[in-house]
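# Structural description and commentary
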Amino acid sequence: IGVTRCHDFQGTPEELQAYVDAHVMGKTQDRTLHFHTSYGAKVGKLVPKFRPEDKANHGIGVLIQYHVKDFVSKSWTSKRAKKEKRLVSAQEASCIVPTIEVISSIMAELGHKVDQSDLSKGFINY
């Protein structure tokens, strides 16, 4: 569970929930929300007074939740196999990427190299 902000929101505090809902329904795409939802996060409720200095979002955060135990980057066919409750073929299994590699890739995109010899570091330590 975490709290994030909307990158592209421009509006009043009363309009933020509708903006987030539009992202969830696929009617609009916020860059930061998309980053999280594209990696499997579910969008929760708004968090008032989360970051008062964030004037663009009127201090309001957006609760997000990742299901870490299920967090594996897979090809579309692997996701379909899971949905159909069938075993993944060897070819499909070759598309499955271990979680540590996915997280390391995300961190690298953000400009931070993950030290896999010391996984006790939290995000804030990078």
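Residues numbered from 1 in each chain as written. Predicted model: local features only at pLDDT ≥ 70, side-chain atom pairs only at ≥ 80, totals over all residues. Heavy atoms only, no water.

## Here we look at the overall build of the protein chain
Looking only at helices and strands, one finds 5 helices and 3 strands in the protein chain. Reading the protein chain from its N terminus to its C terminus gives the helix and strand order β-α-α-β-β-α-α-α. Of all 126 residues assigned to the protein chain, the portion counted as buried reaches 25%. Contacts in the protein chain between residues far apart in sequence, at least 24 positions, make up 46% of those at least 6 positions apart. Looking at the protein chain as shown, the accessible area adds up to about 8800 Å², and 56% of this sits on carbon and sulfur atoms. (Helix = DSSP H or I, 4+ residues; strand = E, 2+ residues; numbered from the N terminus. Buried < 20%, exposed > 50% of the residue type's maximum accessible area, 1.4 Å probe, protein only. Contact = heavy atoms within 4.5 Å. Areas by Shrake-Rupley, 256 points an atom, 1.4 Å probe, with all protein chains shown as cover.)

## Details of unusual backbone geometry
In this structure, Lys49 is a non-glycine residue whose phi angle is positive, near 60°. Inspection of the secondary structure puts Lys49 in the loop between strand S2 (42-47) and strand S3 (61-65). With phi around 60°, His58 is a residue other than glycine that occupies positive phi space. Assignment of secondary structure puts His58 in the loop between S2 and S3.

This is a description of form; function is not addressed.
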